[in-house]
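# Observations on the model geometry
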Amino acid sequence: MLEQAAITTIADIVDEAQSNGHTIAKITDAHPGMTIDDGYAVQDELLRRWQARGRELIGYKAGLTSRAKMVQMGVDVPSFGMLMRDTCDAEGGVVPTTGLIHPRVEGEIAFVMKQELSGPEVGAQDVYDATDFVQPAIEILDSRFEKFKFDLASVVADNGSSARFVLGGRPRRPQELDLSAIGIVLEINGEPVAFAASGAVLGHPVEAMRMLVSWLHTRGQSLPAGAVVLTGAATEALPIKTGDAICARFQDMGSINMRVD
Amino acid sequence: MAIEQTLIERLGDELYEAFAAGVTIPNLRDRVEGITIVDAYHIQACMVQRRLAAGETVLGKKIGVTSRAVQQAIGVFEPDFGILTSAMAYPDGAEIPMETLIQPKAEAEIGFVLKHDLKGPGITPADVLAATDHVRACFEIVDSRIDDWDIRIQDTVADNASCGVYVLGEDKVDPRDVDLALAGMVAMRNGEVVVTGAGAAVQGSPVNAVAWLANTLGRLGMPFLAGEVILSGALGPMFPVEPGDQLAMKVGGIGSCSVRFSGEKADA
């Protein structure tokens, strides 16, 4: 574990890179002993600063949720990041990417909670009971690391490459869908370019929810009522540029349109 | 310029004999100067005729090369097709004898079963839906009689579109009850998700691929009849299979399908 002084220094670097939109070397270059827990300590420090500036935490995002990515990174749990209210954009509108470095989009399923959820090992039914609705989401990622090169500790410190997100489409009750096989098609400028199903996330996105609640529990926290959770990319992450029209279509859940500014 | 009929027959025989012996042969394009896609379909007809002469019957068609990624990889801008025969069909949950295959790979697809004949040209996607009895989840186990899968379009067409065997899932769904373009597919190998995909990966929608096939067969004067099975194209990337593998898949809104391969896992 790094000293608090090092955590503060890393938070300075990440905060500055995110605010000014420039790349940095992966954190472990300067701090080779950095752990994943250190990465989360950096997130805690970032959150403290962001809240002091009036920003509001409204939920979480899961990352590295595909088996292939976990094997690639040598982990067996997803990574988690924070969702801030001012990074949520409306569907059918323009998503600002000024200040982003190399933005990419992914299609995924969002859970919106109606009840608090906590505990070391909640079941899928517990998640469903506490869920208000699920709906389509587009996540806009932007790694601050040069050429998207990073390791897990670094990407956690960079808040899981979170940049912006869009919720939309048709809200559904999760009990009324087979969330293991929702087809998701991403289109850029009218061209379908990515094809996936929701089972790409740990076989079922509810698994990401269960792991998130367990992880929060280890930190003495719960998933509050009202929270939004992005459960992880089903599609690959596709690069976008200013002027692109993006459409994400979800089987039995409608679609999201957005334009990149 | 088309190649000689005697050469077409010789290559058809060569491919059939490779299939029957379970061996591979060098690709055709480097051996036959100027071989065209039309030549390749003639070779395919000869290869399939040998199987029919051995007692197999025609059960339907498969459509291949339906994704943009695969089309770019082998240098074409349209799908291809092959002939499904009775010896290729396995029931849901079956064990496939590995020794019947050479270098198999799996693709998860949507299968169509027709209730009316389709006679192109001029067939629209709506005509296909109206003529479809039901759709089903299915595995196509593709295989190549060409060394190391070193194929371009002429090679795979001549080799009956790399048909191996196929498995139709038991669940049957009316195409009026599912959004085929957005049907999500999850395929598992030995309990782990290996690929996912969706209907739009197949020519924008699997129904478009079937309409293409109806129109292509119509131009060629080939029949496309009620009762035929059509494997409409891979919903996601194909993946290799090994002895002892257990595969399962699900297509959202349609159903599931599973199959296993004989033999022991090498690392088990």
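In this text, all values refer to a predicted model and were calculated from it rather than measured experimentally.

Residue and element names in this part refer to chain B. As for its position among the elements, proline 104 is in the loop between strand S4 (95-96) and strand S5 (105-114). The sequence separation of proline 104 and alanine 94 amounts to 10 residues, and the corresponding C-alpha distance is 16 Å. Dropping the residues within four chain positions of it, proline 104 is found in contact with Met98, Ile141, Val142, Asp143, Pro240 and Val241.

As a further point, take the layout of surface pockets. All names here are of chain B. Of the voids in this model, the second largest pocket is the one considered here, and its volume is about 560 Å³. Taken together, 26 residues line the second largest pocket, and the ones lying closest to its centre are Tyr41, Gln44, Phe81, Leu220 and Met222. Elements with a contribution of two residues or more to the lining of the second largest pocket: helix H2 (37-53), strand S1 (58-64), strand S2 (80-85), helix H5 (153-158) and helix H6 (206-220). Looking at which element gives the most residues to the lining of the second largest pocket, the answer is H2, with 9 residues. Here the residues of the lining of the second largest pocket sort into 17 nonpolar, 4 polar and 5 charged.

Let us now look at the interface of chain B and chain A. If you look at the interface, chain B gives 18 residues, while chain A gives 18 residues. A buried area of about 1,300 Å², summed over both sides, lies between chain B and chain A, and 61% of it is on carbon and sulfur atoms. The tally of links from chain B across to chain A stands at 2 salt bridges. Linking A:Glu191 and B:Arg68 is a salt bridge whose minimum nitrogen-to-oxygen distance equals 3.2 Å. Along the contact surface separating chain B from chain A lie 7 residue pairs in polar contact (both at pLDDT 80 or more).

Once that is clear, we can look at the environment of B:Asn27. All names here are of chain B. Considering the arrangement of structural elements, one finds asparagine 27 in the loop between helix H1 (5-21) and H2. Spatially, the C-alpha atoms of asparagine 27 and aspartate 147 are 6.7 Å apart, while their sequence positions differ by 120 residues. Leaving out residues up to four positions away in the same chain, asparagine 27 has contacts with Ile146, Asp150 and Asp155. From its side chain, asparagine 27 meets the backbone nitrogen of aspartate 30 in a polar contact 2.9 Å long.

All names here are of chain A. Read across the open sheet, the 5 strands follow the order S4-S13-S12-S8-S9; overall the sheet is mixed. Because the sheet does not close on itself, it has two edges, and the strands there are strand S4 (94-95) and strand S9 (191-197). Of the strand pairs in this sheet, S4 and strand S13 (residues 254-260) are connected by 2 bridges, and their pairing is parallel. Bridge pairing in S13 links valine 95 to valine 260.

The geometry of two aromatic rings is summed up by the distance between their centres and the angle between their planes. All names here are of chain A. In total, this model carries 4 aromatic pairs over all chains according to the counting rule given. When the centroid spacing of 4.7 Å and the interplanar angle of 50° are considered together, the rings of tyrosine 40 and tryptophan 215 count as tilted. Of this pair, tyrosine 40 sits in helix H3 (residues 36-52) while tryptophan 215 sits in helix H7 (residues 205-218); the two residues are 175 residues apart in sequence, bridging distant segments of the chain. You can call tyrosine 40 buried: its relative accessible area is 6%. Taken together through their ring pairs, the aromatic side chains of Tyr40, Phe80 and Trp215 make up a single cluster. Here arginine 55 stacks its cationic end above the ring of tryptophan 50, 4.7 Å away from the centre of that ring.

All names here are of chain A. Where helix H1 (residues 4-20) meets H3, the axes come as close as 9 Å, and the angle between the chain directions of the two elements is 60°. Crossing angle aside, the handedness with which H1 passes H3 is right-handed. Across from Gln4, Ile7, Thr8, Ile10, Ala11, Asp12, Val14, Asp15 and Gln18 in H1, the residues of H3 making contact are Asp38, Ala41, Val42, Glu45, Leu46, Arg49 and Trp50. Residue classes in the contact of H1 with H3 are distributed as 8 nonpolar, 3 polar and 5 charged.

Residues and elements named next belong to chain A. Here H7 contains 14 residues, and its C-alpha end-to-end distance of 20 Å stays within 8% of the 20 Å for a straight helix at 1.5 Å per residue. Along H7, the positions that sit buried rather than exposed are Pro205, Val206, Ala208, Met209, Leu212, Val213, Trp215 and Leu216. On its buried face, H7 is in contact with H3, strand S1 (57-63), strand S2 (79-84), strand S5 (104-113), helix H5 (124-130) and strand S10 (228-230). Downstream of H7 by a residue or two, glycine 220 has a phi angle that is positive, lying close to 75°.

The next subject is unusual backbone geometry. All names here are of chain B. Note the cis peptide between glycine 120 and proline 121, where omega equals 0°. The phi angle at alanine 161 is positive, at roughly 55°, despite the residue not being glycine. Looking at where alanine 161 falls in the secondary structure, it is placed in the loop between H5 and strand S7 (165-168).

In this section: the pattern of salt bridges. Applying the stated criterion to the full structure yields 30 salt bridges over all chains. A salt bridge links A:Asp44 to A:Arg219, with the shortest nitrogen-to-oxygen separation between them at 2.5 Å. With a gap of 175 residues between them, A:Asp44 in helix H3 and A:Arg219 in the loop between H7 and S10 connect regions that are remote in the sequence. B:Arg31 is paired through a salt bridge with B:Glu14; the nearest N and O atoms lie 3.2 Å apart.

This part covers the pairing of S9(A). All names here are of chain A. Sheet analysis places strand S8 (residues 183-188) next to S9, joined by 6 bridges and oriented antiparallel. Bridge assignment links isoleucine 184 to a residue of S9, and that residue is alanine 196. Between S8 and S9, which pair antiparallel and follow one another directly, the connecting turn spans 2 residues, one of which, asparagine 189, has a positive phi of 50°.

Now for the side chain of B:Thr85. Position of B:Thr85 among the secondary structure elements: in strand S2. Apart from residues no more than four positions distant in its own chain, B:Thr85 is found in contact with B:Arg51, B:Leu52, B:Glu56, B:Thr57, B:Val58, B:Leu59 and B:Tyr166.

Summed over all chains, the structure comprises 0 disulfides over all chains. With no disulfide of its own, A:Cys88 has A:Cys247 as its nearest cysteine by sulfur position, at a separation of 17 Å. Classification of A:Cys88 as partly exposed rests on a relative accessible area of 32%. Here B:Cys138 stays free of any disulfide, with the sulfur of B:Cys257 as its closest cysteine sulfur at 6.7 Å.

Glancing now at the confidence of the model for chain B. Low pLDDT marks regions whose predicted coordinates should not be analysed in detail. Averaged over all residues, the pLDDT of chain B equals 96, while 99% of them reach at least 70. The ipTM for the predicted assembly is 0.92, set against a pTM of 0.94.

Scoring rules and cut-offs
Residues numbered from 1 in each chain as written. Chains lettered and ligands numbered in written order. Predicted model: local features only at pLDDT ≥ 70, side-chain atom pairs only at ≥ 80, totals over all residues. Heavy atoms only, no water. Helix = DSSP H or I, 4+ residues; strand = E, 2+ residues; numbered from the N terminus. Contact = heavy atoms within 4.5 Å. 1 Å grid on protein atoms, 1.4 Å probe; cavity = no way out; pocket = protein on both sides within 12 Å on 5 of 7 lines; lining within 4 Å. Points joined across faces, edges and corners; volume = space filled by probe spheres on them. Nonpolar A, V, L, I, M, F, W, Y, C, P; charged D, E, K, R; others polar. Buried area = accessible area lost by both parts, 1.4 Å probe. Salt bridge = Lys/Arg side-chain N within 4 Å of Asp/Glu carboxyl O. Polar contact = N/O pair within 3.5 Å; in protein donor to acceptor, adjacent residues only side chain to side chain. Pairing = 2+ DSSP bridges. Phe/Tyr/Trp six-rings, centres within 6.5 Å; stacked < 30°, edge-to-face > 60°. Buried < 20%, exposed > 50% of the residue type's maximum accessible area, 1.4 Å probe, protein only. Lys NZ or Arg CZ within 6 Å of the ring centre and 35° of its normal. Axes fitted to C-alpha atoms, helices over the stretch in contact; angles between N-to-C directions. Left-handed = near helix turned anticlockwise from the far one by under 90°. Expected span 1.5 Å × (residues − 1). Disulfide = S-S within 2.5 Å. pLDDT = per-residue confidence, 0-100.

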